[in-house]
Amino acid sequence: PLTYIVGGYVFSNWVAFAAERQLLDFFMLDETTALFLQALVKWVSLALVLSLVARSMGYTTTGLDTMLASSGVAVAFASQTMLRNFVAGMILLVSRPFQVTL
């Protein structure tokens, strides 16, 4: 199990690094946005790996997965305005509709 956890950690770091390279090179995003999305990819892949490791060790993770998903929905409903503004900000960062010069 420890080998799986260490391997999963290495895998999540590799996926996050590959995502950052793709975001910077292919999608041409700025570094701040790419680093934020890289951290998001890293934590989501790490959570997936830990869930798979727990499942391979014989633990039933259905209840935990359901609880995490329902709490995510509850948080999303509770913070709709904040999430709407966050998504609008991400769209502005990605699309760059205007140029600001000093």
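Conventions and cut-offs
- Residues numbered from 1 in each chain as written.
- Predicted model: local features only at pLDDT ≥ 70, side-chain atom pairs only at ≥ 80, totals over all residues.
- Heavy atoms only, no water.
- Helix = DSSP H or I, 4+ residues; strand = E, 2+ residues; numbered from the N terminus.
- Rg over C-alpha atoms; globule rule 2.2 N^0.38 Å.
- Buried < 20%, exposed > 50% of the residue type's maximum accessible area, 1.4 Å probe, protein only.
- Contact = heavy atoms within 4.5 Å.
- Areas by Shrake-Rupley, 256 points an atom, 1.4 Å probe, with all protein chains shown as cover.
- Lys, Arg positive; Asp, Glu negative; His and termini not counted.
- Charge placed at Lys NZ, Arg CZ, Asp CG, Glu CD.
- Salt bridge = Lys/Arg side-chain N within 4 Å of Asp/Glu carboxyl O.
- Expected span 1.5 Å × (residues − 1).
- Polar contact = N/O pair within 3.5 Å; in protein donor to acceptor, adjacent residues only side chain to side chain.
- pLDDT = per-residue confidence, 0-100.

Peer 1: In this structure, what is going on with the overall build of the protein chain? I would like to understand it.
Peer 2: Secondary structure summary: the protein chain contains four helices and zero strands in total. Ordered by position in the sequence, the α and β elements of the protein chain form the string α-α-α-α. For 102 residues, the compact-globule estimate of 2.2 N^0.38 gives 13 Å, and the C-alpha radius of gyration of the protein chain, at 17 Å, exceeds that figure by more than 25%. A principal-axis box enclosing the C-alpha atoms of the protein chain has dimensions of 60 × 35 × 20 Å. Looking at the protein chain as a whole, 18% of its 102 residues are labelled buried. Across the protein chain, the fraction of contacts at a sequence separation of at least 24, relative to all contacts at a separation of at least 6, is 58%. Split by element, the accessible area of the protein chain, about 7,900 Å² in all, is 73% carbon and sulfur. Between the centroid of the 5 positive side chains of the protein chain and the centroid of its 5 negative side chains there is a distance of 7 Å.

Peer 1: Looking at this structure, how should I read the pattern of salt bridges?
Peer 2: Two side chains carrying opposite charge are able to pair once their charged atoms lie near each other. Counted according to the given criterion, the structure contains one salt bridge. Ionic pairing is found between aspartate 65 and arginine 55, a salt bridge with its closest N-O pair at 2.8 Å. Pair noted here: aspartate 65 is in helix H3 (residues 62-78) and arginine 55 is in helix H2 (residues 31-56), with a separation of ten residues, a long-range link. Residue classification places aspartate 65 among the partly exposed residues on the basis of a relative accessible area of 29%.

Peer 1: Explanation requested: helix H4 (residues 80-95) in the structure shown.
Peer 2: Structurally, the α-helix is built with 3.6 residues per turn, so residues lying three or four positions apart point the same way. Under the 1.5 Å per step criterion, the end-to-end length of H4 is 22 Å for 16 residues, consistent within 8% with the ideal 22 Å. A positive backbone phi angle near 50° is found at arginine 96, which sits one or two residues after H4.

Peer 1: Sorry, what's going on with the environment of arginine 55 here?
Peer 2: Exposure remark for arginine 55: the relative accessible area of 43% places this residue in the partly exposed category. Those residues within four positions of arginine 55 in sequence are excluded, and the remaining contacts are Thr61 and Asp65. Within the structure, the side chain of arginine 55 is placed 2.8 Å from the side chain of aspartate 65, a separation counted as a polar contact.

Peer 1: Before we go on, may I ask you to explain the confidence of the model for the protein chain in this structure?
Peer 2: Low pLDDT marks stretches whose predicted atomic positions should not be read closely. Per-residue pLDDT for the protein chain averages 84, and the proportion of residues at 70 or more is 100%. Within the protein chain, H3 has the poorest average pLDDT of any element, 83, and helix H1 (residues 2-25) the best, 89.

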